[in-house]
Amino acid sequence: LRVRNNMNIQPFDTIAPIDDWNIFKKEGDQFLKTAVGAVEKRKKTFNAEAVYNLTAMAIEKFIMAFLMRQGDLADNHTMLDLLFCMERYLGKQPEVVEKLKYMDSFQEICDMENYSVKTPTEQDLDTIIKIGQEIQQLLAPYTLQPDINH
């Protein structure tokens, strides 16, 4: 049995994927493709905040698809919370920690007392897109095979 917060949890080998994990993966791919296209074409319809949010949603979808494929869900949905849940399966990811801290640095929206939003610069957008692509590539091997239940 896995132990989480001092609770016994179902063994890994008996856990089934959560339905529709593949939809989350597809949506992540679509969000990231839109963000990449906006930056590459310098489309005026997508301002810096929109590109950041599209990429952040893509990252969340990639990690959620991975977790759902494992039969799990995230405890919370900040970038670091998603990472910590992902690390339950992949082990420590020190190179990803700094990248997702960087992503979290643009928005602190969970606590109304410390609410803040920072607009990314053009240079930030290139870094943000690269982080999205790296998370997509990191998790791709775990979300390529179709769910055997579908």
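All residue numbers here refer to positions counted from 1 along the written sequence of the relevant chain. pLDDT decides what is reported in this predicted model: residues at 70 or higher carry local features, side-chain atom pairs at 80 or more are listed and counted, and totals for whole chains, interfaces and linings draw on all residues regardless. Excluded from the side-chain calculation are hydrogens and water; included are all heavy atoms of the structure.

Caption draft 1: Inspection of the environment of Glu87 at higher detail. Tracing the sequence through the fold places Glu87 in helix H3 (residues 79-90). In contact with Glu87, other than residues within four places in its own chain, are Lys92, Gln93 and Val97. Starting at the N terminus, helices and strands are each numbered in turn, a helix being any DSSP run of H or I of at least four residues and a strand any DSSP run of E of at least two. The contact definition used throughout considers only heavy atoms, calling two residues in contact when any of these lie within 4.5 Å.

Caption draft 2: Fine view of the pattern of salt bridges. Salt bridges are counted wherever a side-chain nitrogen of Lys or Arg sits within 4 Å of a carboxyl oxygen of Asp or Glu. All told, the structure shown has 8 salt bridges when counted by the stated rule. Close ionic contact of Lys61 with Glu27 constitutes a salt bridge, the shortest N to O distance being 2.5 Å. A residue pair is termed long-range when its members are at least 10 positions apart, and Lys61 in helix H2 (residues 48-69) and Glu27 in helix H1 (residues 21-41) qualify at 34 residues. Lys61 sits in the buried class, given a relative accessible area of 19%. When accessible area is computed with a 1.4 Å probe and restricted to protein chains, residues below 20% of their type maximum are described as buried, those above 50% as exposed, and intermediate ones as partly exposed.

Caption draft 3: Examining the packing of aromatic side chains more closely. Only Phe, Tyr and Trp rings take part, Trp by its six-membered ring, and two of them pair if their centres are within 6.5 Å. Stacked means planes under 30 degrees apart, edge-to-face means over 60, and tilted covers everything else. Under the counting rule described, the total for this entry stands at 4 aromatic pairs. The interplanar angle of 80° and the centroid separation of 6.0 Å between the aromatic rings of Phe66 and Tyr89 together place this pair among those described as edge-to-face. One end of the pair, Phe66, is in helix H2; the other, Tyr89, is in helix H3, and 23 residues separate them in sequence. Judged by its relative accessible area of 1%, Phe66 is buried. Note on Phe66 and Tyr142: the rings are 5.3 Å apart at their centroids and 75° apart in plane angle, and the pair reads as edge-to-face. Separated by 76 residues along the polypeptide, Phe66 in helix H2 and Tyr142 in the segment after helix H5 (122-139) bring together distant segments of the chain. Taking relative accessible area as the criterion, Tyr142 reaches 39% and is therefore assigned partly exposed. Through pairs of rings, three or more aromatic residues link up here, namely Tyr52, Tyr102 and Phe106. Placement of a charge over a ring requires the Lys NZ or Arg CZ to be within 6 Å of the ring centre, with the centre-to-atom vector within 35 degrees of the ring normal. It is Lys61 that lies over the ring of Phe24; its NZ or CZ is 4.4 Å from the centre. A cation sits over an aromatic face here: Lys118 above Phe106, 4.7 Å from the ring centre.

Caption draft 4: Up close: the side chain of Thr143. Along the chain, Thr143 falls in the segment after H5. Taking the relative accessible area as the measure of exposure, Thr143 reaches 6% and is therefore buried. Counting of polar contacts relies on pairs of N or O atoms within 3.5 Å, with two restrictions inside protein: one atom must be capable of donating a hydrogen and the other of accepting it, and residues adjacent in sequence are counted only when both atoms are side-chain atoms. Of the polar contacts made by the side chain of Thr143, one reaches the backbone oxygen of Leu139; its length is 3.2 Å. If we ignore the near neighbours within four places in the chain, the residues touching Thr143 are Trp21, Lys25, Ala65 and Phe66.

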